Amino acid sequence: MTVEQNLHNITQEIEEACERVNRDPNEITIIGVTKYVTIEKAKEVINAGIGNIGENRMEGFLEKRHSIDLDVNWHFIGTLQSRKVKEVIQDIDFLHSLDRTSLAKEINKRTNKVVPSFVQVNVSGESSKHGLQVDEVEDFIQKMESYPNVKIIGLMTMAPHDEDEESLRSIFSRLRELRDSIKEKNLSHAPCEFLSMGMSNDYSIAIEEGATHIRIGTSLVGAKE
Ligand SMILES: *Cc1c(COP(=O)(O)O)cnc(C)c1O
């Protein structure tokens, strides 16, 4: 299937999920994850109408960012090593993987723009997953006030791959509740409005549970080339 056909199917699923829970599909941002594919294919994704591109490794991110001269937002969705920050931070429009104070400190030092960031949370508690534990998040976000170049716009999580629907739902709704409690505080450095959750295999459920940003790779571009 072509990227256009895939996008058509995804858009339809988004509409159906929104309809089931009375949400407006315009609230959902699709981030096209191009880590599996070539620069050419990434351009195809953008030309199909995707205005947000996600990459999880620095090399791939920079390669595409520098070869594609199209008007899109660039999302960094993978683990970011502190020592790499200076090489990449100016090119990041949105960061989805803020998970430690030392990273915020380094970002704050290496850029003079404000980087809209999602705090990555390990809701499932799986040891293989990156991110803060749920009970660490509120304190962490308070601390972020000291780093004015980091603005907390939301929370992000990755759910385990082979989880059943009920467990996925509880992971996503947990993140939503946490987002709600932070948002209620009206912190100027952390408006925390958004939820980056849902990938190819679970985005419908994530949307039903409140996702605003879904990160879609395989369903959009096919598996690794
Ligand atoms: C690869 C990746 C995705 C997309 O995964 P698919 O299952 O291919 O849709 C989403 N988020 C992150 C952080 C990723 O690394």
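The rules behind the values
- Within each chain, residue numbers correspond to sequence positions counted from 1 in written order.
- Local features in a predicted model are, by the rule used here, given only for residues with pLDDT of at least 70; side-chain atom pairs are given and counted only at 80 or more, and totals for whole chains, interfaces and linings are based on all residues.
- Neither water nor hydrogens contribute to the side-chain values; these are computed over all heavy atoms in the structure.
- Counting from the N terminus, the helices are DSSP H or I runs at least four residues long and the strands are E runs at least two residues long.
- Computation of the radius of gyration draws on C-alpha atoms alone. For the globule rule, the value is 2.2 Å times the number of residues to the power 0.38.
- Exposure is judged per residue with a 1.4 Å probe applied to protein chains only, and the accessible area is read against the type maximum: over 50% gives exposed, under 20% gives buried, and values in between give partly exposed.
- Any two residues whose heavy atoms approach within 4.5 Å at even a single point are treated as in contact.
- Accessibility throughout is a Shrake-Rupley quantity obtained with a 1.4 Å probe, and a residue counts as covered only by protein chains that appear here.
- Two aromatic rings, drawn from Phe, Tyr or Trp (for Trp, its six-membered ring), form a pair once their centres lie within 6.5 Å of each other, and the interplanar angle then sorts them: stacked below 30 degrees, edge-to-face above 60, tilted otherwise.
- Salt bridge criterion: a side-chain nitrogen from Lys or Arg within 4 Å of a carboxyl oxygen from Asp or Glu.
- UniProt positions are given in the numbering used here, feature names are shortened, and annotations may be inferred rather than shown by experiment.
- Throughout, near means a residue has at least one heavy atom within 4 Å of the molecule or strand.
- Under this definition, polar contacts are N or O atom pairs within 3.5 Å; protein pairs additionally need one hydrogen-donor-capable and one acceptor-capable atom, and for neighbouring residues in sequence, both atoms have to be side-chain atoms.
- The rule is simple: put a 1 Å grid over the protein atoms alone, call a set of points where a 1.4 Å probe fits but cannot get out a cavity, call an open set with protein on both sides within 12 Å along at least five of seven lines a pocket, and count a residue as lining if it has an atom within 4 Å of a point.
- Those molecules having more than half of their atoms within 2 Å of a cavity or pocket grid point set are described as sitting in that cavity or pocket.
- Note that Gly is not counted as nonpolar here; it falls among the polar residues with everything else outside the nonpolar set of Ala, Val, Leu, Ile, Met, Phe, Trp, Tyr, Cys and Pro and the charged set of Asp, Glu, Lys and Arg.
- Take the buried Ala, Val, Leu, Ile, Met, Phe, Trp, Tyr and Cys residues and link them wherever side-chain atoms come within 4.5 Å; each set so joined is a nonpolar core.

It is worth spelling out the overall build of the chain at this point. In terms of regular secondary structure, the chain is built from 9 helices and 8 strands. Expected size for 225 residues packed as a compact globule is a radius of gyration near 17 Å; at 17 Å, the chain falls within 12% of this value. The C-alpha extent of the chain, read off along each of the three principal axes, is 45 × 40 × 30 Å. Sorting the 225 residues of the chain into buried and exposed places 52% on the buried side. Looking at the chain alone, contacts between residues at least 24 apart form 55% of all its contacts between residues at least 6 apart. Accessible area for the chain stands at about 10,700 Å²; split by element, carbon and sulfur atoms hold 43% of it.

Another point: unusual backbone geometry. Positive phi is not limited to glycine here, since Asn22 has a value of about 60°. By the element assignment, Asn22 lies in the loop between helix H1 (3-20) and strand S1 (29-33).

Per the counting criterion, the structure on display carries 2 aromatic pairs. Between Phe61 and Trp74, the aromatic rings sit 6.1 Å apart at their centres with planes inclined by 80°, giving edge-to-face as the arrangement. One end of the pair, Phe61, is in helix H3 (residues 58-67); the other, Trp74, is in strand S3 (residues 73-76), with 13 residues separating them in the sequence. Trp74 shares its class with Phe61; the two are buried. A centroid spacing of 5.5 Å and a plane angle of 70° characterise the contact between Phe61 and Phe76, whose relative ring orientation is edge-to-face. With Phe61 in helix H3 and Phe76 in strand S3, this pair connects stretches of sequence that are 15 residues apart. Assigned by exposure class, Phe61 and Phe76 land together as buried. Members of the aromatic cluster, connected to one another through ring pairs, are Phe61, Trp74 and Phe76.

Let us look at the pattern of salt bridges. Under the counting rule described, the total for this entry stands at 13 salt bridges. Here Arg110 makes a salt bridge to Glu106, at a shortest N to O gap of 2.7 Å. With Arg110 and Glu106 both in helix H5 (residues 101-110), this residue pair falls 4 residues apart, about one helical turn. With a relative accessible area of 16%, Glu106 lands in the buried category. Ionic pairing is found between Arg169 and Glu165, a salt bridge with its closest N-O pair at 2.7 Å.

The next thing to look at is the UniProt feature "domain: Alanine racemase N-terminal" (unreviewed entry) in the chain. Listed under "domain: Alanine racemase N-terminal" (unreviewed entry) in the UniProt record, and renumbered for this structure, are residues 39-223. When the span residues 39-223 is considered, its composition is 37% helix and 18% strand, and the gap between its end C-alpha atoms is 15 Å.

Around the ligand, a shell composed of 13 residues is seen, among which Lys35, Tyr36, Ser200, Gly217 and Thr218 lie nearest. Contact between the ligand and Lys35: an oxygen atom at 2.7 Å from a side-chain N or O atom of the residue. Against a free-state accessible area of 380 Å², the protein chains account for coverage of 94% of the ligand. Under a 2 Å grid-point criterion requiring more than half of the atoms, the pocket assigned to the ligand is the largest pocket. Residues belonging to the shell around the ligand are distributed by class as follows: 7 nonpolar, 4 polar and 2 charged.

Counting 66 residues, the largest nonpolar core has Leu98, Ile141 and Leu155 as the members making the most contacts within it. Setting aside anything within four residues of it in sequence, one finds Leu98 in contact with Leu103, Ala104, Ser117, Phe118, Val119, Gln120, Phe140, Met144, Val150 and Ile152.

This part covers the UniProt feature "modified residue: N6-(pyridoxal phosphate)lysine" (unreviewed entry) in the chain. In the UniProt entry, the feature "modified residue: N6-(pyridoxal phosphate)lysine" (unreviewed entry) is given for Lys35. Looking at where Lys35 falls in the secondary structure, it is placed in the loop between S1 and helix H2 (39-47). With relative accessibility at 33%, the residue Lys35 sits in the partly exposed group. Beyond its immediate sequence surroundings of up to four residues, Lys35 is in contact with Gly54, Glu55 and Asn56.

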